[in-house]
Amino acid sequence: MDTSFSNHNMKLHISSAICSPLMLAVALGFSSCDRQSPVSPFDAHSLWFQQHKAGLHSDNKAHVIINDSTPTLRIVADEMKDFSIADAVSFNIVSDEKLGHDGYDISLSGSTVTVSANSDVALLYAAFDLLRQQHVEVGSVRTHSSVPSYDFRMLNHWDNLDGTVERGYAGHSIWQWRTPTPEDIKIYTEYARANASVGINTVVLNNVNASPEMLSAEHIKIVAQIADILRPYGIRVLVSVNFSSPMVLAGLPDADPLRDSVRQWWKDKADEIYSLIPDFAGFLVKANSEGLPGPLDYHRSHSDGANMLAEALKPHGGIVLWRAFVYSPSDADRAKQAYLEFQPLDGQFLDNVIIQIKNGPIDFQPREPFSPLFGALKKTQMAAELQITQEYTGAANHLCYLPTMWLETLNADTYRDGQGSTIARLTQDKLPGVKVSAIAGVANIGNDDNWCGNHIAQSNWYAFGRMAWDTNLTADSIATEWIRQTMPDIPRHAESTVRDMLIESREAVVDYMMPLGLHHIFAWGHHYGPEPWCAVPGARPDWMPTYYHCADSVGLGSRRDLNGSKAVLQYNAPLSDLYADVNTCPDEYLLWFHHVNWDFRMKNGRTLWDELCVRYDHGLAMTVHFLASWNRVQSYVDANLWNDVQHKLEIQHDDARWWHDGCLLYFQQFSKMPIPQKTIYNLDDMMKFHINITNYENAKQGYRGEKLVKE
Ligand code: GCW
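Conventions we followed
- Residues numbered from 1 in each chain as written.
- Predicted model: local features only at pLDDT ≥ 70, side-chain atom pairs only at ≥ 80, totals over all residues.
- Heavy atoms only, no water.
- Helix = DSSP H or I, 4+ residues; strand = E, 2+ residues; numbered from the N terminus.
- Rg over C-alpha atoms; globule rule 2.2 N^0.38 Å.
- Contact = heavy atoms within 4.5 Å.
- Areas by Shrake-Rupley, 256 points an atom, 1.4 Å probe, with all protein chains shown as cover.
- Lys, Arg positive; Asp, Glu negative; His and termini not counted.
- Charge placed at Lys NZ, Arg CZ, Asp CG, Glu CD.
- Buried < 20%, exposed > 50% of the residue type's maximum accessible area, 1.4 Å probe, protein only.
- Pairing = 2+ DSSP bridges.
- Right-handed = clockwise from strand over helix to strand, strands pointing away.
- pLDDT = per-residue confidence, 0-100.
- Axes fitted to C-alpha atoms, helices over the stretch in contact; angles between N-to-C directions.
- Near = heavy atom within 4 Å.
- Polar contact = N/O pair within 3.5 Å; in protein donor to acceptor, adjacent residues only side chain to side chain.
- Nonpolar A, V, L, I, M, F, W, Y, C, P; charged D, E, K, R; others polar.
- Salt bridge = Lys/Arg side-chain N within 4 Å of Asp/Glu carboxyl O.
- Expected span 1.5 Å × (residues − 1).
- Phe/Tyr/Trp six-rings, centres within 6.5 Å; stacked < 30°, edge-to-face > 60°.
- Lys NZ or Arg CZ within 6 Å of the ring centre and 35° of its normal.

With that settled, the discussion passes to the overall build of the chain. Each helix and strand in the chain was counted, giving 22 helices and 17 strands. Here the chain has a C-alpha radius of gyration of 26 Å; the compact-globule value for 711 residues is 27 Å, and the two agree. If one aligns the C-alpha atoms of the chain with their principal axes, the spans along those axes are about 85 × 70 × 50 Å. Excluding contacts between residues fewer than 6 apart, the proportion of contacts in the chain whose partners are at least 24 apart in sequence is 70%. Taken as a whole, the chain presents about 25300 Å² of accessible surface, with 52% of it coming from carbon and sulfur. Averaging the locations of the 58 positively and 84 negatively charged side chains of the chain gives two centres separated by 1 Å.

Shown next as structure tokens:
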């Protein structure tokens, strides 16, 4: 039996070619009459689905043939309603090992498209591929096979059970810890659709700073209800767990991973979860980090802790993602600590444990060299953790398109197994026995109408998914896709203006915040503005900017070379040599690895001080340039979108001025050299002023809002 839905004449065709009990009619409760033709205005909530434009304008809807019926395939049929760049599309479940669970093949014969995949969700990815082609490429269907780079393409929400979002700049959490209401179901479904459209297939619902309550029976029940809503879109859920859960929830005397009662508690908990959520994907764990409990509390190792959880999940096929973001002061240099704790454990983790490593050795700075741990673990499955939410890149106020940064990390060569040992390859290759490769992005999603706090920050959610699907895509091509789907009417010349803004934005942020390898000179707590002078009495030294910039009368920068902490030696040759020598160290990492004299001659002949001034000035100038570029595209962009982004760009420019003046005036106290460009603020005033970004409304204003309040 061939069951097909035709958009040509709005009825369900059932022909009788092949018949099997599995091939059931897709009973679609809609017709193309339900869709109105007029192009709808920009609606921020609709993300990159602004319009399925070509389809809406065309009468030539494709005949869609789907030989099965599952909730996922009904979504495929629904999404394909407006597909119009072929006469017919046939979706087929096949058995083809090379495509794996999520891969698909699109082929063309005449004007009939044949899509083949091993699973219904892979057919959904193919449907989104075809629609993307229609909206982005316009013309005819491009035939190809596509297999994702990673098995788990994962969002990590840092959402708390009370509805707040740690480092969230887009309102409150989208998750409601109640039996989902119709409104909740609507939001979860929109969210799932957005993720599926870019290939995201796993989501961690709650903050890594996890409440033990997450594993209470009451919360697990709600996780199961959320999982049911996300499942048709191919999304599996994980939760972050608190290592002390057995103590808090069951009153056990401790959480020692080698104690039988503790191990049994986790096994029972896993059984309970899987009885409600058979495709539950696993646990994410932050342990012995920033005050959270963990196995080290009982003189056990990270592998003891991770393996206990892995054993509990293993019979059900679950995974443990164990974070390497640890920095208990085992060495004076924080940048070395994750390596020092985890490298000796290489090979001791069970094969359903993945070590999740932040891209850089410190903490999601605008630029860091990659974490040397990636080049050190050889017998342990690793995943990269990237940050989509803009904790250190201007919250949701600053334009900072992040794939340029992420791809810098993924394409970095660790030289672990000689040349070509890129982080992309090391995290994609599966070790013997390992079933899952993974990549994680900390979500920038909240309940703001536009989901991300800034329309343009939607591009980072989009891009994370696309890049996780295919790490060979470029930041540029992903930007093009996003622009064409978000601003469907934009002419090519304006599109290229917007694309340039996106592509140049991250480097601009680096320049006006922390050029030349400077890092962590943020204000205390909120990580929004600059406070290289910050000194909080009694605080951990490695939370203070002076620990990182080390400015003195001689020069600027961390001491991580062979005369300093020797952190360079955590990198494999030839990088260790390259970074160790101040004359060969790349400019972008210079002050990361070296304390450099103010009058040091850079490769371009300028002194360090002059180069620093040039970089800060360039960053600031770029924010003016972005405003000018955005002005140029005004008439081609929806007014709401344009106004929102314009407002944010103005905040960004004001903040960049604050960074420029604050950092240069502060460092000038040590260099005693002139600043060639104009500064408008007074350092004493800046140092007395503490921006209040503790609440979300303030955060939306940046320094601009604060200044207004102050006046
Ligand atoms: O950078 C720090 C953040 C914390 C975060 C932590 C982590 C979730 O400032 O807010 O906690 O990293 O990644 O665990």
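It is worth spelling out the pairing of strand β8 (residues 152–156) at this point. Every regular strand shows the same layout, with side chains that alternate between the two sheet faces. Burial of β8 is extensive: 5 of the 5 residues sit out of reach of the surface. Where burial is concerned, the two faces of β8 agree: the one with Phe-152, Met-154 and Asn-156 and the one with Arg-153 and Leu-155 are both buried. Across 5 bridges, the pairing between β8 and strand β15 (residues 438–442) is parallel. In the strand pairing of β15, Asn-156 is matched with Val-442. Relative to strand β9 (residues 202–204), β8 runs parallel, the two sharing 3 bridges. Bridging across to β9, Met-154 finds its partner in Thr-202. In the classification by handedness, the crossover that spans β8, the intervening helix α4 (residues 182–198) and the parallel β9 is right-handed.

All right, on to the pairing of strand β6 (residues 112–117) then. Taken together, the 6 bridges between strand β4 (residues 88–93) and β6 define a ladder with parallel strand orientation. Within the sheet, the bridge partner assigned to Asn-92 lies in β6 and is Ser-116. In this sheet, β6 lies alongside strand β5 (residues 104–109) in antiparallel orientation, the contact comprising 6 bridges. Bridged to Ile-106 within β6 is Val-115. Between β5 and the antiparallel strand that follows it, β6, lie 2 residues; Gly-110 among them carries a positive phi value of about 65°.

Here we come to unusual backbone geometry. Between Ala-573 and the following residue, Pro-574, the backbone shows a cis peptide bond with an omega angle of 5°. Mapped onto the secondary structure, Pro-574 falls in the loop between β16 (555–556) and α16 (575–580). Even without a glycine there, the phi angle at Leu-47 is positive, about 50°. Relative to the helices and strands, Leu-47 resides in the loop between β2 (11–15) and α1 (53–57). Judged by its relative accessible area of 2%, Leu-47 is buried. Even without a glycine there, the phi angle at Ala-395 is positive, about 50°. Inspection of the secondary structure assignment puts Ala-395 in the loop between β14 (382–387) and α10 (403–410). Judged by its relative accessible area of 5%, Ala-395 is buried.

Moving on: the confidence of the model for the chain. Averaged over all residues, the pLDDT of the chain equals 91, while 90% of them reach at least 70. The least confident element of the chain, judged by mean pLDDT, is β2 at 29; the most confident is β15 at 99. Low pLDDT, under 50, characterises residues 1–40; the predicted model gives this stretch 90 contacts beyond four residues in sequence or across chains.

What follows deals with the environment of Ala-424. Examined against the element boundaries, Ala-424 turns out to sit in helix α11 (residues 423–428). We classify Ala-424 as buried; its relative accessible area is 7%. Along the sequence, Ala-424 and Ala-457 sit 33 residues apart, while their C-alpha atoms lie 24 Å from each other. In this structure, Ala-424 is in contact with Tyr-150, Leu-410 and Thr-471, ignoring residues within four places of it in sequence.

To continue, consider the sheet that holds strand β12 (residues 319–323). Strand order in the closed barrel formed by 8 strands is β8-β9-β10-β11-β12-β13-β14-β15, and the pairing between neighbours is parallel. Ignoring which end each strand starts from, the neighbouring axes of this sheet average 25° apart. The pairing of strand β10 (residues 236–241) with strand β11 (residues 282–285) spans 4 bridges and is parallel. Bridging from a neighbouring strand, Val-239 pairs with Phe-283 of β11.

Taken together, the neighbourhood of the ligand is formed by 15 residues, with Glu-166, Lys-286, Lys-358, Asp-363 and Glu-391 sitting nearest. The contact in question runs from an oxygen atom of the ligand to an N or O atom on the side chain of Lys-358, over 2.7 Å. Burial of the ligand by the protein amounts to 97% of the accessible area it has alone, namely 340 Å². For the shell around the ligand, the class distribution of residues is 4 nonpolar, 3 polar and 8 charged.

On to the pattern of salt bridges, then. In this structure the tally under the stated criterion is 40 salt bridges. One salt bridge connects Arg-560 with Asp-333, and the closest N-O pair in it is separated by 3.0 Å. Of this pair, Arg-560 sits in the loop between β16 and α16 while Asp-333 is found in the loop between β12 and α9 (337–342), placing the two residues 227 residues apart along the sequence. Arg-560 gets classed as buried once you look at its relative accessible area, which sits at 2%. The buried category is assigned to Asp-333, whose relative accessible area is 6%. Asp-661 is the partner of Arg-657 in a salt bridge, and the nearest nitrogen-oxygen pair spans 2.9 Å. Here Arg-657 pairs with Asp-661, and both are found in helix α19 (residues 639–671), just 4 residues apart, close to one helical turn. Comparing Arg-657 with Asp-661 shows no difference in burial state: the two are buried.

As a further point, take helix α8 (residues 302–313). Helix length check: α8 (12 residues) gives 17 Å between terminal C-alpha atoms against 16 Å at 1.5 Å per residue, within 8%. Across the 12 residues that make up α8, a large majority, 10, are buried. Of the positions making up α8, those classed as buried are His-302, Ser-303, Gly-305, Ala-306, Asn-307, Met-308, Leu-309, Ala-310, Ala-312 and Leu-313. Residues of α8 that are buried sit in contact with β10, α7 (260–276), β11, β12, α9 and β13 (353–358).

Below, the discussion takes up the packing of aromatic side chains. Counted under the stated rule, the structure contains 34 aromatic pairs. Measuring from centroid to centroid gives 6.4 Å for Phe-49 and Phe-128, while their planes differ by 55°, and the two rings are tilted. With Phe-49 in the loop between β2 and α1 and Phe-128 in helix α3 (residues 120–137), this residue pair connects regions lying 79 residues apart in the sequence. For the pair Phe-49 and Phe-128, a shared accessibility class is recorded, and that class is buried. Aromatic side chains Phe-370 and Tyr-571 sit 5.2 Å apart centroid to centroid with 75° between the ring planes, which places their arrangement in the edge-to-face category. Taken together, the residues Phe-370 in the loop between β13 and β14 and Tyr-571 in the loop between β16 and α16 connect sequence positions 201 residues apart. When sorted by exposure, Phe-370 lands in the same class as Tyr-571, which is buried. Taken together, the ring pairs connect Trp-48, Phe-49, Phe-128, Trp-175, Tyr-188, Tyr-191, Trp-451, Trp-461 and Tyr-462 into an aromatic cluster. Sitting above the plane of the Phe-325 ring, Lys-358 keeps its charged end 3.3 Å from the centroid.

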